[in-house]
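A structural walkthrough
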Amino acid sequence: MLKKHLLNLKIKQILFRVAVTIVIIMGVGFFTNYAILNKIDQNSNHQIKTVMPTNFDLLKIQLDVVQIQQWLSDISATRAAKGFDDGYDEAKKAYDDANKIIDKLIKRFEGNDTTMVSNLKQFKKDLSDYYRVGKVMAAAYIKGGPELGNPEMAKLDPYAEKLAERIDKWVAQYKGKTKGIALSINHDLNKMINISTIFSVIIALFTLGAFFITSKILSSIDDVKSYLHKIKTLDFSSKMEVEGKNEIAEIATYIN
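Remember, predicted model here, so these are calculated numbers, not experimental data.

According to the stated counting rule, one finds five aromatic pairs in the structure shown. Ring centres of F30 and F31 lie 5.3 Å apart, and the angle between their planes is 75°; on these two criteria the pair is classed as edge-to-face. Here the aromatic rings of F30 and Y34 are separated by 6.3 Å at their centres, their planes lie at 25°, and the arrangement is stacked. Pair noted here: F30 and Y34 are both in helix α2 (residues 11-78), with a separation of four residues, about one helical turn. The residues F30 and Y34 share a single accessibility class, namely exposed.

Have a look at this one:
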């Protein structure tokens, strides 16, 4: 039944159907991969413009917080001795740098993450308190040594722990986001490669199938050539038999 149906198809019909099918398969593959590429592009832009810069900024704030305490502790230990009295200046540089980065982050998240903006503003306030208490501690050590400084250090520790806990949480969160987006991009790339491979195999198999069918139909040309050779020798003793209703069968009818 299938063979009869195929033999009834015109060669033009076969070629047209093959061409249309291949175009449809390629179109579906193109739009599928385009959707995946668009998702990859969005993830990449988010990674480059937001996640990674935020991660680096948070790491810099984390370092600034440590440096504030380190420099104030240094000047406390040296009691601002000549040549070892730059602790206040260096601590202020770290404090100003941290504030500058926090303001940049607040601006980055305004309009799309109100919770993060609120948390950053609170962090900025806590950082100010931390810096203020740190300076009081350093002044106490310089003035009266451990006897005056140790009580002030005890007041500074809770601020330091509070800031460290929050910044560590943010850094871990954005490291996780960076890794998550990277894994998503890798997954989508593999998905696109698999889809492209599948569609390529389908097109190849369909093309081979069409070639096989067309070859079967065109094989009837050998019968036409053989019959024409008989006519050439003026042998009209038989009729030409070609199955189907395609162009080859029509030629056979005309010859008969």
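Back to the text.
A few words on the side chain of T178. Mapped onto the secondary structure, T178 falls in helix α5 (residues 146-218). Leave out the neighbours within four places in its chain, and T178 touches Q47, V51, M52 and N55.

A word on the confidence of the model for the protein. Of the residues in the protein, 83% reach a pLDDT of 70 or more, and the chain-wide mean stands at 85. The spread of mean pLDDT over the elements of the protein runs between helix α1 (residues 2-8), the lowest at 55, and helix α3 (residues 87-109), the highest at 95.

We now examine the packing of α3 against helix α4 (residues 114-144). With their axes 9 Å apart at the nearest point, α3 and α4 run at an angle of 175° to one another. Considered as vectors, α3 and α4 are oriented roughly antiparallel to each other.

Let us now look at α3. For α3, which comprises 23 residues, the first-to-last C-alpha distance of 33 Å matches the rise-based estimate of 33 Å (1.5 Å per residue) to within 8%. Of all the residues in α3, the buried ones are G87, A91, A94, Y95, A98, N99, I101, I102, L105, I106 and F109. Trailing α3 by a residue or two, G111 shows a phi angle of about 95°, which is positive.

In this section: a negative patch on the surface. Taken together, the side chains of D74, D85, D86 and D89 make up a negatively charged region of the molecular surface. Structurally, D85 can be placed in the loop between α2 and α3. Take D85: its relative accessible area is 42%, and that puts it in the partly exposed class.

Basis of the calculations
- Residues numbered from 1 in each chain as written.
- Predicted model: local features only at pLDDT ≥ 70, side-chain atom pairs only at ≥ 80, totals over all residues.
- Heavy atoms only, no water.
- Phe/Tyr/Trp six-rings, centres within 6.5 Å; stacked < 30°, edge-to-face > 60°.
- Helix = DSSP H or I, 4+ residues; strand = E, 2+ residues; numbered from the N terminus.
- Buried < 20%, exposed > 50% of the residue type's maximum accessible area, 1.4 Å probe, protein only.
- Contact = heavy atoms within 4.5 Å.
- pLDDT = per-residue confidence, 0-100.
- Axes fitted to C-alpha atoms, helices over the stretch in contact; angles between N-to-C directions.
- Parallel < 35°, antiparallel > 145°, perpendicular 65-115°, else oblique.
- Expected span 1.5 Å × (residues − 1).
- Patch = residues over 30% accessible without salt bridge, like charges linked within 9 Å, V, L, I, M, F, W, Y side chains within 5 Å.
- Areas by Shrake-Rupley, 256 points an atom, 1.4 Å probe, with all protein chains shown as cover.
- Salt bridge = Lys/Arg side-chain N within 4 Å of Asp/Glu carboxyl O.
- Lys, Arg positive; Asp, Glu negative; His and termini not counted.
- Charge placed at Lys NZ, Arg CZ, Asp CG, Glu CD.

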